[in-house]
Amino acid sequence: MADTSLDYLGVSPVLRAELTALCTEYVWRVDNGHAAHIPDLFTAEGVWIGPWGTMRGQAELDVAWKARARWTVRTRHLLTNLRFSALGPDRAEGHISQIVFAADGDAPWPTDPSVIAENIDSYARDADGVWRFASRRIVMLADRNKA
């Protein structure tokens, strides 16, 4: 991350709200059966790095998220510690902690989280004025399936 990552005070309330909305929309789509539409939240050259590997660009994102949409596992992502830094008028970065509850089948689910992770994001405002993910890297901190 750039040195500006320590300058959280330069983030306006509007920017904070827009980036929070983007991050919330991402997990809402995953949790509510719309994972196939996650690529819409990325720039054309967007990159996703995480437990499934690395996806670069809309074509790779489309394939991976359409496959994710077919999973029978149900999830609920809880986001916390959303911290953003402005890098310019059309660039920003963020670190977000997430706790994920997951189970195969309908609720109620186990009360212990399946994953705790850190999302390390780069955001870009596209020509249409909408903030999107330029990159998202998922850093796994705890994984119930790996214990």
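Use the structure listed above.
Here we summarise the structure given alongside this text. Since the model is a prediction, treat every value here as computed from it, not as a measurement. (Residues numbered from 1 in each chain as written. Predicted model: local features only at pLDDT ≥ 70, side-chain atom pairs only at ≥ 80, totals over all residues. Heavy atoms only, no water.)

With that out of the way, let us pick up the overall build of the protein. A count of helical and extended segments in the protein gives 2 helices and 6 strands. Walking the protein from its N terminus toward its C terminus, one meets helices and strands in the order α-β-β-α-β-β-β-β. With the principal axes as the frame, the protein shows a C-alpha extent of 45 × 30 × 25 Å. For the protein, with 147 residues in total, the buried portion stands at 38%. Of the contacts formed within the protein by residues at least 6 apart in sequence, a portion of 54% connects residues at least 24 apart. Of the charged side chains in the protein, 16 are positive and 19 negative; the average position of the first set lies 3 Å away from that of the second. (Helix = DSSP H or I, 4+ residues; strand = E, 2+ residues; numbered from the N terminus. Buried < 20%, exposed > 50% of the residue type's maximum accessible area, 1.4 Å probe, protein only. Contact = heavy atoms within 4.5 Å. Lys, Arg positive; Asp, Glu negative; His and termini not counted. Charge placed at Lys NZ, Arg CZ, Asp CG, Glu CD.)

This part takes up the pairing of strand S2 (residues 53-56). Taken together, the 4 bridges between strand S1 (residues 42-50) and S2 define a ladder with antiparallel strand orientation. Residue pairing in the sheet places Gly50 in a bridge with Gly53 of S2. (Pairing = 2+ DSSP bridges.)

Our next topic: the nonpolar core. Ranked by size, the top nonpolar core spans 27 residues in total, and within it Tyr26, Trp48, Trp65, Tyr123 and Phe133 carry the most contacts. Those elements that place two or more of their residues in this core are helix H1 (13-31), S1, helix H2 (57-69), strand S4 (91-104), strand S5 (115-125) and strand S6 (131-143). Ranked by residues supplied to this core, first place goes to H1 with 7 residues. (Core = buried A, V, L, I, M, F, W, Y, C linked by side-chain atoms within 4.5 Å.)

Opposite charge on two side chains permits pairing when their charged atoms draw close. Across all of its chains, the model carries 8 salt bridges by this definition. Overlapping salt bridges bring together Glu18, Asp90 and Arg125 as one network. (Salt bridge = Lys/Arg side-chain N within 4 Å of Asp/Glu carboxyl O.)

In this section: H2. When the terminal C-alpha atoms of H2 are compared, their 18 Å separation across 13 residues agrees well with the 18 Å that a helix rising 1.5 Å per residue should span. Burial in H2 covers these residues: Gly57, Leu61, Ala64, Trp65 and Arg68. Buried residues along H2 cover an arc of 95 degrees about the axis, so they all sit on one side. Pointing more than 90 degrees away from the buried face of H2 are the exposed residues Ala59 and Val63. Against H1, S1, S2 and strand S3 (73-88) lie the buried residues of H2. (Expected span 1.5 Å × (residues − 1). Arc of directions from axis to C-beta.)

Moving on to the pairing of S1. For a regular strand, the rule is simple: side chains alternate between the two faces of the sheet. One ladder, built from 4 bridges, connects S1 with S6; its direction is parallel. Across the sheet, the residue bridging to Val47 is Ser135, located in S6. Hairpin remark: S1 followed by S2, antiparallel, with 2 residues in the connecting loop.

What follows concerns the packing of aromatic side chains. For the coordinates displayed, the defined rule picks out 9 aromatic pairs. Ring plane angle 90 degrees and centroid distance 6.0 Å describe the contact between Trp48 and Trp65, whose orientation is recorded as edge-to-face. Of the two residues, Trp48 is situated in strand S1 and Trp65 in helix H2; the sequence distance between them amounts to 17 residues. Assessed through its relative accessible area of 3%, Trp48 is described here as buried. Linked through ring pairs, Tyr26, Phe42, Trp48, Trp52, Trp65, Trp71, Phe84, Tyr123 and Phe133 together constitute an aromatic cluster. Positioned over the ring face of Tyr26 is Arg136, at 4.3 Å from the centre of the ring. (Phe/Tyr/Trp six-rings, centres within 6.5 Å; stacked < 30°, edge-to-face > 60°. Lys NZ or Arg CZ within 6 Å of the ring centre and 35° of its normal.)

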